[in-house]
Amino acid sequence: MELLEWSSFATRIGDVFHSYYEIPFYHLLVEIALILFIIKILMSKSTASPGDESPLTEPEIEKLIAEWNPEPLVPKDALEKEPVVPVVESKVGKYVTINGSECLNLATMNFLGMIGKQEIEEAAVASVQKYGVGACGPRGFYGTIDVHLLLEEKLAQFMEVEEAIIYSYGFSTVA
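The rules behind each value
Within every chain, residues take consecutive numbers counted from 1 along the sequence as written. Where local features are concerned, this predicted model is filtered to residues with pLDDT of at least 70; where side-chain atom pairs are given and counted, the filter is 80 or more; whole-chain, interface and lining totals use all residues. The basis for every side-chain value is the complete set of heavy atoms in the structure, and neither hydrogens nor water enter the calculation. In this description a helix means any DSSP run of H or I spanning at least four residues, a strand means any run of E spanning at least two, and both kinds are numbered starting from the N terminus. Buried residues are those whose accessible area, probed at 1.4 Å on protein chains only, stays under 20% of the maximum for their type, while exposed residues exceed 50% and partly exposed ones sit between those limits. Note on contacts: a residue pair is in contact if any heavy atoms of the two residues lie within 4.5 Å. Here the accessible surface of atoms and residues is derived via Shrake-Rupley with a 1.4 Å probe, and residues count as covered only by protein chains that are part of the display. Every patch collects residues that have over 30% relative accessible area and no salt bridge, joining them within 9 Å if they carry like charges and within 5 Å if they are nonpolar side chains (Val, Leu, Ile, Met, Phe, Trp, Tyr). Take a side-chain nitrogen of Lys or Arg and a carboxyl oxygen of Asp or Glu: if they are within 4 Å of each other, that pair is a salt bridge. Paired strands, in this sense, are two strands between which DSSP finds at least two bridges. In this analysis, the expected span of each helix is defined as 1.5 Å times one less than the number of residues it contains.

Engineer: How should the overall build of the protein chain be read in this particular structure?
Structural biologist: For the protein chain, the count of helices and strands is eight helices and two strands. Its helices and strands taken in sequence order, the protein chain reads α-α-α-α-β-β-α-α-α-α from the N to the C terminus. Counting over 175 residues, the protein chain shows a buried share of 6%. Expressed as a percentage of contacts within the protein chain between residues at least 6 apart in sequence, the contacts between residues at least 24 apart total 10%. When the accessible area of the protein chain is evaluated, it comes to approximately 16,300 Å², of which 65% is carbon and sulfur surface.

So, in structure tokens, the structure goes:
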């Protein structure tokens, strides 16, 4: 039994050495350089040990504290000026009015261009009036709403599959 274990070990070692003949020479050189570098790091003495530093004396500590002058967190001139807060004065859309100027809104989440369409807004208002603002979490905990089931049915038909499932909470999707 022991002879079989040594022979399989020797076979594995032989396979390792044989594999070095099949790899590019530069690969072997890089591996050897890395191994030597790791050995050098492990064998070298560190420059500072935790116990090597000498503790400061009481006068040195007092001198350092007296000399220390912290930088202010806010520059002095910032305190003198009244901060300008941008105020959005219009409905959020592709363009918004900020402090009287019309600006391109680059911070919108309107990827599908649905903001500002009357039929979308009316459907949203009707939905909020019927269902409220949402279940606020996973369906298994807060309950299933009829529109969940309708959407799952339509998604299954669209994807041409037997059934579909939706999650109202993004982290549930990837879990």
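Engineer: Teacher, can you tell me more about a nonpolar patch on the surface here?
Structural biologist: The grouping of Ile32, Ile35, Leu36, Phe37, Ile38, Ile39, Ile41, Leu42 and Met43 at the surface amounts to a nonpolar patch, some 960 Å² of accessible area in total. Note that Ile41 resides in helix 2 (residues 25–43).

Engineer: What am I meant to see in unusual backbone geometry here?
Structural biologist: A negative phi holds for most residues other than glycine; trans holds for most peptide bonds. For Asn99, which is not glycine, the phi torsion reads 50° and is therefore positive. Looking at where Asn99 falls in the secondary structure, it is placed in the loop between strand 1 (95–98) and strand 2 (101–104). Located in the positive-phi region is Glu160, a residue other than glycine, with phi close to 55°. Judged by relative accessible area, Glu160 falls into the exposed class, the value being 73%.

Engineer: Sorry, what's going on with the pairing of strand 2 here?
Structural biologist: Side-chain positions along a regular strand alternate between the two faces of the sheet. When strand 1 meets strand 2, the two strands line up antiparallel, connected through four bridges. Along strand 2, the bridge assignment pairs Thr97 with Glu102. Between strand 1 and strand 2, which pair antiparallel one after the other, the connecting turn spans two residues, and Asn99 there sits at a positive phi close to 50°.

Engineer: Explain the pattern of salt bridges here, please?
Structural biologist: Oppositely charged side chains may form a pair once their charged atoms are brought near each other. This model, assessed by the stated rule, comprises three salt bridges. With its nearest N and O atoms 2.7 Å apart, the salt bridge here joins Lys91 to Glu121. Placement of the pair is Lys91 in the loop between helix 4 (76–80) and strand 1 and Glu121 in helix 5 (residues 118–131), with a sequence separation of 30 residues. Classification of Glu121 by relative accessible area gives partly exposed; the value is 25%.

Engineer: Help me understand helix 5 in this model?
Structural biologist: Residues lying three or four places apart along an α-helix face the same way, a consequence of the helix completing one turn every 3.6 residues. Along its 14 residues, helix 5 runs 20 Å from first to last C-alpha, staying within 8% of the 20 Å computed at 1.5 Å per residue. Just downstream of helix 5 lies Gly132, where phi reads positive at about 85°.

Engineer: Help me understand the side chain of Glu152, please; the structure alone is not making it clear to me.
Structural biologist: Positionally, Glu152 belongs in helix 7 (residues 146–159). With relative accessibility at 11%, the residue Glu152 sits in the buried group. Apart from residues no more than four positions distant in its own chain, Glu152 is found in contact with Arg139, Ala164, Ile165 and Ile166.

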